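Given next are the chains, with one letter for each unit.
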Amino acid sequence: QVQLVESGGGLVQAGGSLRLSCAASGRTFSNYAMGWFRQAPGKEREFVAVITWYGGSTYYADSVKGRFTISRDNAKNTVYLQMNSLKPEDTAVYYCAADLEATILEYAYDYWGQGTQVTVSS
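Criteria and thresholds
Residues numbered from 1 in each chain as written. Predicted model: local features only at pLDDT ≥ 70, side-chain atom pairs only at ≥ 80, totals over all residues. Heavy atoms only, no water. Pairing = 2+ DSSP bridges. Helix = DSSP H or I, 4+ residues; strand = E, 2+ residues; numbered from the N terminus. Axes fitted to C-alpha atoms, helices over the stretch in contact; angles between N-to-C directions. Phe/Tyr/Trp six-rings, centres within 6.5 Å; stacked < 30°, edge-to-face > 60°. Buried < 20%, exposed > 50% of the residue type's maximum accessible area, 1.4 Å probe, protein only. Lys NZ or Arg CZ within 6 Å of the ring centre and 35° of its normal. Core = buried A, V, L, I, M, F, W, Y, C linked by side-chain atoms within 4.5 Å. Contact = heavy atoms within 4.5 Å.

Draft legend 1. Representation of the sheet that holds strand 3 (residues 18–26) in the model. Strand order in the open sheet made by the 4 strands is 1-3-8-7, with antiparallel pairing throughout. The open sheet has two free edges, formed respectively by strand 1 (2–7) and strand 7 (68–73), since each of these has just one partner strand. The average undirected angle you get between the axes of adjacent strands in this sheet is 15 degrees. Sheet topology note: the strand 1/strand 3 ladder contains 6 bridges and is antiparallel. Directly across from Ser7, in strand 3, lies its bridge partner Ser21.

What follows is the structure in structure tokens.
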């Protein structure tokens with residue numbers, strides 16, 4: 001089992017920045033690729049970003065490319081999502097997830113955090 005706990009969400013004005021953290025415990029964190037997903041009100045959960053277990057490769061949804069950066073610190077068992085130039089349409093609950101394979105497919109992820117709310121005001 002892998003337990004994931006997100007933090008860092010909050011209310012920010014458009015154009016501002018937030019950094020989300022996802023702390024992992026349980027099985028060896030460095031074995032897992034980590035993904036970030038988000039779910040806006042009334043919408044399905046969608047892929048945001050993914051990073052391989054060693055951090056060497058990342059992939060982003062087109063909607064966040066150039067604004068968001070995913071990174072990880074395996075020594076701290078933590079993955080981050082730096083969000084810059086935030087827009088009101090980025091408002092959502094953000095979830096981190098862990099899987100042995102780096103994928104954008106939500107159903108492939110075995111472990112999920114509880115989510116953290118990000119609200120961007122216009």
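Picking up after the structure, the text goes on.
Draft legend 2. Representation of the packing of aromatic side chains. Summed over the entire model, instances satisfying the criterion amount to 8 aromatic pairs. With centroids separated by 6.5 Å and ring planes inclined at 80 degrees, the aromatic side chains of Tyr95 and Trp112 adopt a geometry described as edge-to-face. Taken together, the residues Tyr95 in strand 9 (residues 92–99) and Trp112 in strand 10 (residues 111–112) connect sequence positions 17 residues apart. The exposure class assigned to Tyr95 is buried, which follows from its relative accessible area of 14%. Above the face of the Tyr95 ring, Arg45 is positioned so that its terminal group lies 4.7 Å from the ring centre.

Draft legend 3. The nonpolar core, seen in detail. Ranked by size, the top nonpolar core spans 36 residues in total, and within it Leu4, Met34, Trp36, Leu81, Met83 and Tyr94 carry the most contacts. For this core, the elements supplying multiple residues, two or more each, are strand 1, strand 3, strand 4 (33–39), strand 5 (46–51), strand 7, strand 8 (78–83), strand 9 and strand 11 (116–121). When sequence neighbours within four positions are dropped, the list of residues in contact with Met83 reads Gly16, Ser17, Leu18, Leu20, Arg67, Phe68, Tyr94 and Val118.

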